[in-house]
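# Analysis of the macromolecular model
What follows is the residue order along each chain.
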Amino acid sequence: MAHLPITVVMITLNEAHSLEGALQNVAGWAERVVIVDSYSRDATVDIGLRYGAHVVQRKFAGFGDQWNFALSLSNHSPWTMKMDPDERVSPRLKQLISDRLPTATEAGFSVNLRLWFMGKPMPVNLPLLRLWRTGKCRFTTSHVNEHPVVNGALGHINGELEHHDSPN
């Protein structure tokens, strides 16, 4: 599968334990990865750089604020996808996104977030907004449960973004 016109944005703090897997997962699929790191004390930054991500360190002032800063760095591609270091884009979701984007008229898409625990998928699927046209999204700056707000029509892509549990 060729690179898609997507910039994946992530925010990190001490995510060395999961970041490499996330970067391997989108390598060769997304054309760019942007990581905004909150001054990790582990190998997070080194791993990001090793995989060719654009890494910027910035003091954390809140989730919405950090995500909005990450969005300001995503203007390289026509599409932006939010991803956490403990998430993986399933092969089926990669294909569905690849098939949908060339003819998409929507401003953004939700996908199914599937929770994994101890290496196994749980029977939980949550539709979450994770993919949008670059420049059409801003995050709320509420102190808890920040979320993206997209200007325009929304659709849904029925594939899974896997959310893996913490190693500890």
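Residues numbered from 1 in each chain as written. Predicted model: local features only at pLDDT ≥ 70, side-chain atom pairs only at ≥ 80, totals over all residues. Heavy atoms only, no water.

What follows concerns a nonpolar patch on the surface. A surface patch of nonpolar side chains, amounting to about 330 Å² of accessible area, comprises F117, M118 and M122. Relative to the helices and strands, M118 resides in the loop between strand 6 (108-117) and strand 7 (120-133). For M118, a relative accessible area of 63% puts it in the exposed group. (Patch = residues over 30% accessible without salt bridge, like charges linked within 9 Å, V, L, I, M, F, W, Y side chains within 5 Å. Areas by Shrake-Rupley, 256 points an atom, 1.4 Å probe, with all protein chains shown as cover. Salt bridge = Lys/Arg side-chain N within 4 Å of Asp/Glu carboxyl O. Helix = DSSP H or I, 4+ residues; strand = E, 2+ residues; numbered from the N terminus. Buried < 20%, exposed > 50% of the residue type's maximum accessible area, 1.4 Å probe, protein only.)

Once that is clear, we can look at the layout of surface pockets. The space that makes up the second largest pocket amounts to roughly 180 Å³. Counting residues per element, the ones that place at least two in the lining of the second largest pocket are strand 6 and strand 7. Looking at the lining of the second largest pocket element by element, the count peaks at three residues for strand 7. When the residues that make up the lining of the second largest pocket are grouped by side-chain class, the tally is six nonpolar, two polar and five charged. (1 Å grid on protein atoms, 1.4 Å probe; cavity = no way out; pocket = protein on both sides within 12 Å on 5 of 7 lines; lining within 4 Å. Points joined across faces, edges and corners; volume = space filled by probe spheres on them. Nonpolar A, V, L, I, M, F, W, Y, C, P; charged D, E, K, R; others polar.)

The subject of this paragraph is the pairing of strand 7. Here strand 4 (residues 79-82) pairs with strand 7 via three bridges, running antiparallel. Its bridge partner being in strand 7, M81 is matched across the sheet by L131. What sits between strand 6 and strand 7 in their antiparallel hairpin is a turn of two residues, with M118 showing a positive phi close to 55 degrees. (Pairing = 2+ DSSP bridges.)

With that out of the way, let us pick up the packing of aromatic side chains. For the coordinates displayed, the defined rule picks out four aromatic pairs. Ring centres of W67 and F139 lie 5.6 Å apart, and the angle between their planes is 20 degrees; on these two criteria the pair is classed as stacked. Here F139 lies in strand 8 (residues 137-139) and W67 lies in helix 3 (residues 63-72), a separation of 72 residues in the sequence. Both residues of the pair, W67 and F139, belong to the buried class. Ring centres of W132 and F139 lie 5.9 Å apart, and the angle between their planes is 75 degrees; this geometry places the pair in the edge-to-face category. The residues W132 and F139 share a single accessibility class, namely buried. Among the aromatic residues, those joined into a cluster by ring pairs are W67, W132 and F139. (Phe/Tyr/Trp six-rings, centres within 6.5 Å; stacked < 30°, edge-to-face > 60°.)

A few words now on helix 1 (residues 16-26). Within the span of helix 1, buried status applies to S18, L19, A22, L23, N25 and V26. Buried residues of helix 1 fall within an arc of 155 degrees about the axis and therefore sit on the same side. Those residues of helix 1 that are buried lie in contact with strand 1 (4-12), strand 2 (30-37), helix 2 (44-50), strand 5 (87-89) and helix 4 (91-100). Just downstream of helix 1, G28 is the residue with a positive phi angle, here 80 degrees. (Arc of directions from axis to C-beta. Contact = heavy atoms within 4.5 Å.)

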